[in-house]
Amino acid sequence: MTNHPDIEKWNKLAEKELRGTSVDTISKTTPEGITIKPLYTAEDLKELEFVNVLPGFDPFVRGVRATMYTNRPWTIRQYAGFSTAKESNKFYRKNLAAGQKGLSVAFDLPTHRGYDSDHPRVVGDIGKAGVPIDSVEDMKILFDGIPLDKMSVSMTMNGAVLPVLAGYIVAAEEQGVSEEKLMGTIQNDILKEYLTRNTYIYPPEPSMRIVSDIIGYCSKHMPKYNTVSISGYHMMEAGADSVLQAAFTIADGLEYVKAALAAGLDIDEFAPRLSFFFGIGMNFFMEIAMLRAARFIWADLMKQFNPKNPKSLMLRTHCQTSGWSLTQQDPYNNIIRTTLECLSAVLGGTQSLHTNSFDEAVSLPTDLSSRVARNTQIIVQEESQVTRVVDPLGGSYYVESLTNSIVVEAMKIINEVDNLGGMAKAIVSGMPKMRIEETAARRQARIDQGKDVIVGVNKYKVEDEAPIDVREISEEVRNQQVERIKQIKEKRDNDAVERALAEVTKYAETDGNLLEACIRAVRARATVGEISDALEKVFGRYVATTQCISGIYAGEYGDDEVIASIRKRCDEFAEKEGRRPRMLVTKMGQDGHDRGIKVVATAFADLGFDVDISPMFQTPAEAARMAIENDVHVVGVSSLAAGHKILIPELIEHLKKEGAEDILVVAGGVIPPADYEFLYSAGVVKVFGPGTVVTESANQVLNALDQR
């Protein structure tokens, strides 16, 4: 097929029609650096060889299976876990009965970070953002009545991956299911934790050894089990665009492949059991093209390792709709957002999918919102008819051209990472994290100016919003977990536990397989915290350096009166007080998602504040001490994991005890509006919900400082 002879006439006609409108040019460049034209033709595909390759064949752009959803739809795998193992088990069984096909376990933050529920650092985090697992007894309750030889189970776990995976294996063993029958995925993707999510425990080098040991053990003993789920989701949530997500995720995958090969494994032993995990946002066609491009890039790059099995070239992926795209304002709009993201993942060819609940910008999902999220997938599967045709967008001029553009741009970044010595060294250099944070800051500036429309937030706002029900986790959950730990330690053979833990430490010092040692420790009833501590004796606990980028947020604004007026106010404050307004931005507790504090920190600095960023995982006492030592005027607390009703009042009390009640406290993040009054009563002066324009929050902080 040749180019239509009238294409030049069409371009001239379009330019004429656009003349005098607000549109500057016909083509637009996206944040990914891709130029989008208003019209695509066969001419755009003439150099793209992959367009003519059928589904199920290398490079798998059209799907990893020849028949895709016409034979079997994607797996509905809702990510869930909260309160106690008993409550989560009840929730899982209810969802499975209602049509869910696989489990995806959300663990609470203390579990991720290798702390038992009785540890003093995690008082405000137990059961809030997932289910607490302190021992194999919790794991057994979690899967009670769920046949693990028939159910595929995905577990999002990286930091404490050894004791958690060991607990799953032993729970199945005591259910009568041998490990070779287990199906599912352990995330086991530690590199992305240093980039975005931050639920690491140990430094990168021993953490990579843990990844290799798990790949080695599962390749030999668990042939149906996926040993790594290489995750881009959290990169997307931290601010990465589609090109950055694809590039850094695949670069992570290559690092794991090289680590496994260095450990002596054959490529075809483990590569077919690798899987991926991508986040799907609101740029509908871009997300579709990203999944297609990722499959092409992975197949192409894996050929350098000379695999014999074609499955070693396949990029199989789970996807999750975006949590960041959800809004607190007019929250029922989130159902539409999630539906679009769901359809985008499906048309992109995902193998399994989680759809987020509409209330997640406010609180943990309720039973109602979880049901709507699950049914979103069921309706797309059962009613939309999209499963009748393999890759229905295959051959689309726009989609195929966009796929190629993402391949080209992502490969530039992958080559840049390779020149730095691979992803592990690139992470040490700070390059990937900086790129993601810069993208997030630019995106926030565009939203704050209304350049990127968010319905209900910066356009089409609703004046009077009806409140929605929220889920709240009782503090009794922690009491129950602490009591269970106490009972386990009273009943077990503590001498046997000590011997098993000593073996874990010995294996960490030598080259024994760490998962083997942890399985024996779990059988003896060692806890997650005890096993993590046994490893920490050798590996240490990693502490990241927190940095703040500058100039990005204000640079996206350009010469703007709003920016200038806030900077003028900061100058006036400095003239009056003898120094600029100083703010400590902190995240307390074990939540590692830092997009919010990084965007606020860089934006406030660009606006004229002196800004300090605390280390991650502070206690209220540590945050108060840092605020006093740095002589700040205000502390800005970011909360995403429902610990605000415990941690923020404790921070204020510590400030009072130290005679620093003049330091103001403001809060922001995922905080239910119903809790605002509680926080104000505790002494918080301002609460900023999701969607707050940063310049408005800066003005309100300055107002509060002026009114002291």
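Up top is the structure.
This section reports on the structure supplied with the text. Because the structure is a prediction, the values reported are computed rather than measured.

Some words on the sheet that holds strand β12 (residues 352-354)
Step number 1: Across the sheet, which stays open at both edges, the 5 strands sit in the order β3-β12-β11-β10-β9 with parallel pairing between neighbours. Looking at which strands have only one partner, the edges of the open sheet turn out to be β3 (75-76) and β9 (228-231).
Step number 2: Note that β9 and strand β10 (residues 274-280) share 4 bridges and pair parallel. By the bridge assignment, isoleucine 230 is partnered in β10 with phenylalanine 276.
Step number 3: Relative to β10, helix α9 (residues 242-262) is tilted by about 165°, and along the sheet it contacts β9 and β10.

Focus: the packing of aromatic side chains
Step number 1: Evaluation of the coordinates by the stated rule reveals 18 aromatic pairs.
Step number 2: Seen in terms of ring centroids, tyrosine 40 and tyrosine 398 are 5.1 Å apart; in terms of plane orientation they differ by 40°. Their pairing is tilted. Of this pair, tyrosine 40 sits in the loop between β2 (35-36) and β3 while tyrosine 398 is found in helix α14 (residues 397-419), placing the two residues 358 residues apart along the sequence.
Step number 3: Classification of tyrosine 40 by relative accessible area gives buried; the value is 12%.
Step number 4: Clustering of aromatic rings is evident, with ring pairs tying together Tyr40, Phe284, Phe285 and Tyr398.

Description of the state of the cysteines
Step number 1: Applying the stated rule across the entire model yields 0 disulfides.
Step number 2: Cysteine 319 supplies the cysteine sulfur nearest to cysteine 342, a cysteine that is in no disulfide, at a spacing of 10 Å.
Step number 3: With relative accessibility at 0%, the residue cysteine 342 sits in the buried group.
Step number 4: As a non-bridged cysteine, cysteine 518 has cysteine 218 as the owner of its nearest cysteine sulfur, 12 Å distant.

Quick word on a positive patch on the surface
Step number 1: Side chains of Lys86, Lys90, Lys94 and Arg371 sit close together on the surface and give a patch of like positive charge.
Step number 2: Sort the elements by how many residues they give to the positive patch and helix α2 (residues 85-97) lands first, with 3 residues.
Step number 3: Looking at the secondary structure, you find lysine 90 in helix α2.

Remarks on the packing of helix α16 (residues 431-449) against helix α23 (residues 595-607)
To characterise two packed helices, one gives the angle between the axes of the helices and the distance between these axes.
Step number 1: In contact at an axis separation of 10 Å, α16 and α23 are set at 70° when each is read in the N-to-C sense. Here α23 runs roughly perpendicular to α16, going by the angle between their axes. Relative to α23, α16 is oriented so that their crossing is right-handed. Along its contact with α16, which presents Lys433, Glu437, Ala440, Ala441, Arg443 and Gln444, the element α23 presents Arg595, Lys598, Val599 and Thr602.
Step number 2: Among the residues making up the contact of α16 with α23, the classes are represented as 3 nonpolar, 2 polar and 5 charged.

Describing a nonpolar patch on the surface
Step number 1: Residues Met282, Ile336 and Leu340 make up a contiguous nonpolar surface patch of roughly 260 Å² in combined accessible area.
Step number 2: Note that leucine 340 resides in helix α12 (residues 333-348).
Step number 3: Take leucine 340: its relative accessible area is 39%, and that puts it in the partly exposed class.

Details of the sheet that holds strand β15 (residues 634-639)
Step number 1: The 5 strands are arranged β14-β13-β15-β16-β17 in an open sheet whose pairing can be described as parallel. At either margin of the open sheet sits one strand with a lone partner, and together these are β14 (610-613) and β17 (686-688). Direction aside, neighbouring strands of the sheet carry axes that sit 20° apart on average.
Step number 2: One ladder, built from 4 bridges, connects strand β13 (residues 582-586) with β15; its direction is parallel. When the bridges of β15 are listed, valine 585 appears paired with glycine 636.
Step number 3: Sitting on the sheet, helix α24 (residues 620-629) is in contact with β13, β14 and β15, with an inclination near 160° to β13.

Focus on the nonpolar core
The tendency in soluble globular proteins is for nonpolar side chains to be buried side by side.
Step number 1: Counting residues in each nonpolar core, the largest one holds 106 residues, and the members touching the most others are Phe248, Phe270, Trp298 and Met423.
Step number 2: Top contributing element to this core by residue count: α9, with 12 residues.
Step number 3: Non-local contacts of phenylalanine 248, meaning those with residues more than four positions away in its chain, are made with Met235, Ile413, Val417, Met423, Met431, Pro432, Arg435 and Ile436.
Step number 4: Core analysis: the next-biggest nonpolar cluster, separate from the first, contains 68 residues, Phe107, Tyr115, Val477 and Val497 among them.

Overview of the environment of lysine 537
Step number 1: Within the secondary structure, lysine 537 sits in helix α20 (residues 528-539).
Step number 2: Owing to a relative accessible area of 70%, lysine 537 belongs among the exposed residues under this scheme.

Observations concerning helix α7 (residues 204-221)
Step number 1: The terminal C-alpha atoms of α7 lie 26 Å apart, and with 18 residues this matches the ideal 26 Å at 1.5 Å per residue to within 8%.
Step number 2: Counting buried positions along α7 yields 13 of 18 residues, so the element is predominantly enclosed.

Reading the values: the criteria
Here the residue index of a chain counts from 1 through its sequence in written order. pLDDT decides what is reported in this predicted model: residues at 70 or higher carry local features, side-chain atom pairs at 80 or more are listed and counted, and totals for whole chains, interfaces and linings draw on all residues regardless. Water and hydrogen atoms were dropped before computing side-chain values, which therefore reflect all heavy atoms in the structure. Here a strand pair is declared whenever DSSP counts at least two bridges between the two strands. Note on conventions: DSSP H or I runs of at least 4 residues are helices, E runs of at least 2 residues are strands, and numbering of each starts at the N terminus. For this analysis, residues touch if any pair of their heavy atoms sits within 4.5 Å. Between N-to-C directions, angles cover 0 to 180 degrees, with each direction set by a line fitted to C-alpha atoms, over the stretch in contact for helices. Note on ring pairs: Phe, Tyr and Trp rings are taken, using the six-membered ring of Trp, and paired if centres are within 6.5 Å. Classes follow the plane angle, with under 30 degrees stacked, over 60 edge-to-face and the rest tilted. Between buried and exposed lies partly exposed: a residue is buried under 20% and exposed over 50% of the maximum accessible area for its type, with that area taken using a 1.4 Å probe on protein chains only. Cysteine sulfur atoms that pair up within 2.5 Å are treated as a disulfide. Residues form patches when they are more than 30% accessible in relative terms and have no salt bridge. Like charges link within 9 Å. Nonpolar side chains (Val, Leu, Ile, Met, Phe, Trp, Tyr) link within 5 Å. Accessible areas in this description were obtained via Shrake-Rupley with a 1.4 Å probe; residue shielding takes into account the shown protein chains only. Here a salt bridge means any side-chain nitrogen of Lys or Arg lying within 4 Å of a carboxyl oxygen belonging to Asp or Glu. Charged-residue counts in this description rest on Lys and Arg as positive and Asp and Glu as negative, His and the chain ends being excluded. The location of each charge is read from NZ of Lys, CZ of Arg, CG of Asp or CD of Glu. Throughout this description, any angle smaller than 35 degrees is read as roughly parallel, any larger than 145 degrees as roughly antiparallel, any in the 65 to 115 degree range as roughly perpendicular, and the remainder as oblique. For a crossing to be left-handed, the near helix must be turned anticlockwise from the far one by less than a right angle; the clockwise case is right-handed. Gly is placed with the polar residues, together with every amino acid not listed as nonpolar (Ala, Val, Leu, Ile, Met, Phe, Trp, Tyr, Cys and Pro) or charged (Asp, Glu, Lys and Arg). Nine residue types can take part in a nonpolar core, namely buried Ala, Val, Leu, Ile, Met, Phe, Trp, Tyr and Cys, and a core is a set of them joined through side-chain atoms within 4.5 Å. For a helix, the expected span equals 1.5 Å multiplied by the residue count minus one.

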